[in-house]
Amino acid sequence: MRNYMVHPTEYEDQPISRTYQYRKVMKPMLERKRRARINRCLDELKEIMVTSLQAEGENVSKLEKADILELTVRHLHKLRRQQSLGLTPEAAYADRFKAGFTHCAAEVSQYLASSMQQHQQQPSTEPTIDPSSG
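In the nomenclature of an unreviewed UniProt entry, the protein corresponds to Enhancer of split mbeta protein-like from the organism Diaphorina citri. According to the UniProt record, the Subcellular location (unreviewed entry) comment for the protein reads "Nucleus".

Further remarks concern helix α2 (residues 18-55). Between its terminal C-alpha atoms α2 stretches 53 Å, which fits the 56 Å expected from 38 residues at 1.5 Å a residue. By the largest-angle criterion, M26 marks the main kink of α2, which is about 40 degrees, and a proline, P28, follows within four residues. Looking at the packing, one finds that the buried side of α2 touches α3 (65-84). Positioned one or two residues after α2, G57 has a phi angle of 90 degrees, which is positive.

A volume near 190 Å³ is recorded for the largest pocket. Around the largest pocket, the lining residues are M49, L53, E56, E58, N59, V60, L71, R74, H75, K78 and R81. Only α2 and α3 provide two or more residues apiece to the lining of the largest pocket. Take the lining of the largest pocket: its biggest share by element is 5 residues, from α3. For the lining of the largest pocket, the residue count by class is 4 nonpolar, 2 polar and 5 charged.

Cut-off values and rules
Residues numbered from 1 in each chain as written. Predicted model: local features only at pLDDT ≥ 70, side-chain atom pairs only at ≥ 80, totals over all residues. Heavy atoms only, no water. UniProt positions renumbered as here; feature names shortened; annotations may be inferred. Helix = DSSP H or I, 4+ residues; strand = E, 2+ residues; numbered from the N terminus. Expected span 1.5 Å × (residues − 1). Bend = angle between axes of the 7 residues up to and from the residue. Contact = heavy atoms within 4.5 Å. 1 Å grid on protein atoms, 1.4 Å probe; cavity = no way out; pocket = protein on both sides within 12 Å on 5 of 7 lines; lining within 4 Å. Points joined across faces, edges and corners; volume = space filled by probe spheres on them. Nonpolar A, V, L, I, M, F, W, Y, C, P; charged D, E, K, R; others polar.

So, in structure tokens, the structure goes:
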């Protein structure tokens, strides 16, 4: 039976292969850098989304990474729908204002029409003058 054990002095004299060096040193370092980039981008997305949602009147508390991604995807879909409809945020605001104004005008018109009807249906308390009695 042969002894395949390597003495420590023999091992230290051998150069470290590039593959071994990459696997033991570079790969973990690159992975840390990749995770740091992802986290930085998620922090930026969180800031953007929180600001955007607060502007829309939403209250956002603590967000997990998955929440940030879901909110971003929803927001992008919403922007795409608005864009496909030709709505800019200003146009969407103007459309909401116009719809509110139209609704208000319709209610005022309905109120005036009903009060005119009620006024016409009530017996008149003013004295009427008969022109033939003259």
